[in-house]
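Residue-level structure breakdown
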Amino acid sequence: GPMPPGEDPIARLWLGASKKERRDKVAFYLELVRRGRQQRQGYSEYLKDDADVWRRYDAMQRREGRLDFDAMLLHFHRLLGEHEGARRAFHSAHSHLIVDEYQDNSEMQAKLLELMVNQADPQVTVVGDDDQCIYCFRGAEPGNFSRLPQRYEHCTLVDNYRSTANILRVAHVLLEECARREAKTLAPTRETGAPVELWKVATPAEQASELVRAMRARHEEGVPWGEMACLFRCFKAGELGSLHKPLQQELSLRRVPYTLLGGKGLFELAPVLDALAYLRLAALGSGEHDDEAFVRILNRPKRRLPEESVLRVVEHQRQ
């Protein structure tokens with residue numbers, strides 16, 4: 001039978017932890033698994049509890065027939081690297097390749113690209129900007145372009161059509177001291193533009209307060225509300241699950257009219273996700289499992305099940 005939650009090291013990590021602690025633990029173990037796969041390490045190279053988490057995570061993916069992003073890369077790399085027939089078939093079907101945002105590729109993706117390209121007739125184009133490398137959490141790092149074979153032709157495009165000259169000037173000052181980047185100076189094609197302002201704030205709430213204060217000041221100067229906008233690089237990140245929530249709260253508090261664009265879509269709403277989870281379970285055949293859907297609806301609607309009971313039921317249905 002399943003191990004009692006009190007004796008299960010995985011359950012002990014979870015029981016009694018706050019939502020933030022659980023989120024941090026999930027992030028820690030996903031990073032542990034990602035690095036282990038990237039470095040071709042095995043379970044035996046990790047502490048027992050860490051290895052057990054990784055082993056169960058892999059078992060869950062096999063049981064449900066799913067792959068996360070890193071596992072997909074790893075298995076595809078193995079397929080092309082260990083099976084010449086599969087590699088030849090891929091080259092025959094895909095003679096020309098193009099890779100966008102190459103600066104955000106990990107080392108595993110770079111190695112995978114080498115296998116995807118027919119080295120007897122390499123027809124590949126990669127496009128990217130090492131100054132925009134932002135996916136370090138997914139294995140990307142500055143210097144990706146140095147991994148490309150030297151025999152490939154190289155071209156640097158410097159005309160910038162997006163930003164004003166002032167924005168480019170500030171960006172250049174910030175980036176020119178970076179050691180692992182290709183030296184380049186972008187040439188603006190637009191006007192000088194307004195001076196760049198530097199704001200120093202300590203918290204998301206303080207940032208929201210300063211933004212709304214500036215918006216109200218501009219409105220009093222005659223700028224219509226409809227001509228002001230706040231853009232977010234990553235809409236759903238942040239401690240509250242979204243970067244825009246503190247700003248929404250401040251706008252409402254200060255009675256500033258606003259429209260939110262890019263919020264949750266229909267299939268991201270909790271009631272819809274709950275309904276889909278019930279449908280996924282109803283559609284399962286004999287002997288099939290869907291742990292994600294099962295865990296989602298086990299206590300929805302609220303059944304007041306104790307957490308230890310939920311963990312015990314989940315472990316039992318996995319047997």
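Refer to the structure presented above.
So, here's what we can say about the structure. Within each chain, residues carry numbers counting from 1 in the order of the written sequence. The predicted nature of this model means local features are confined to residues of pLDDT at least 70 and side-chain atom pairs, given and counted, to a pLDDT of 80 or more, with totals for whole chains, interfaces and linings taken over all residues. Hydrogen atoms and water are omitted, and side-chain values are computed over all heavy atoms in the structure.

Think of each axis as a best-fit line through the C-alpha atoms, taken over the contacting stretch in the case of a helix, with angles from 0 to 180 degrees between the N-to-C directions. Helical segments are the DSSP runs of H or I of at least four residues, strand segments are the runs of E of at least two, and each set is numbered from the N terminus. At a minimum axis distance of 9 Å, the contact between helix α10 (residues 270-282) and helix α11 (residues 291-298) shows a crossing angle of 125°. Relative to α11, α10 is oriented oblique. The handedness of the crossing between α10 and α11 is left-handed. Facing α10, whose interface residues are Ala270, Leu273, Asp274, Ala277, Tyr278, Arg280 and Leu281, α11 presents Glu292, Ala293, Phe294, Arg296 and Ile297. The residue classification treats Ala, Val, Leu, Ile, Met, Phe, Trp, Tyr, Cys and Pro as nonpolar and Asp, Glu, Lys and Arg as charged. All others, Gly included, are polar. Per-class residue counts for the contact of α10 with α11 are eight nonpolar, no polar and four charged. Angle categories: roughly parallel below 35 degrees, roughly antiparallel above 145, roughly perpendicular from 65 to 115, and oblique for all the rest. Each crossing gets its handedness from the near helix: less than a right angle anticlockwise from the far helix is left-handed, clockwise is right-handed. Note on contacts: a residue pair qualifies if any of its non-hydrogen atoms lie within 4.5 Å across the two residues.

In this text, buried Ala, Val, Leu, Ile, Met, Phe, Trp, Tyr and Cys residues form a nonpolar core when linked through side-chain atoms within 4.5 Å. Remark: exposure states derive from per-residue accessible area (1.4 Å probe, protein chains only) relative to the maximum for the residue type, with buried under 20%, exposed over 50%, and partly exposed in between. Counting residues in hydrophobic clusters, the biggest one holds 16 residues, and the most contacted among them are Leu80, Leu97, Tyr102, Leu113 and Met116. In this structure, leucine 97 is in contact with Leu113, Met116, Val117, Gln123, Val124 and Thr125, ignoring residues within four places of it in sequence. Core analysis: the next-biggest nonpolar cluster, separate from the first, contains eight residues, Tyr29, Val33, Val53 and Trp54 among them.

It is worth spelling out the side chain of glutamine 109 at this point. Mapped onto the elements of the fold, glutamine 109 is located in helix α6 (residues 107-116). For glutamine 109, a relative accessible area of 14% puts it in the buried group. Excluding its chain neighbours within four sequence positions, the residues that come into contact with glutamine 109 are Phe69, Leu73 and Asp104.

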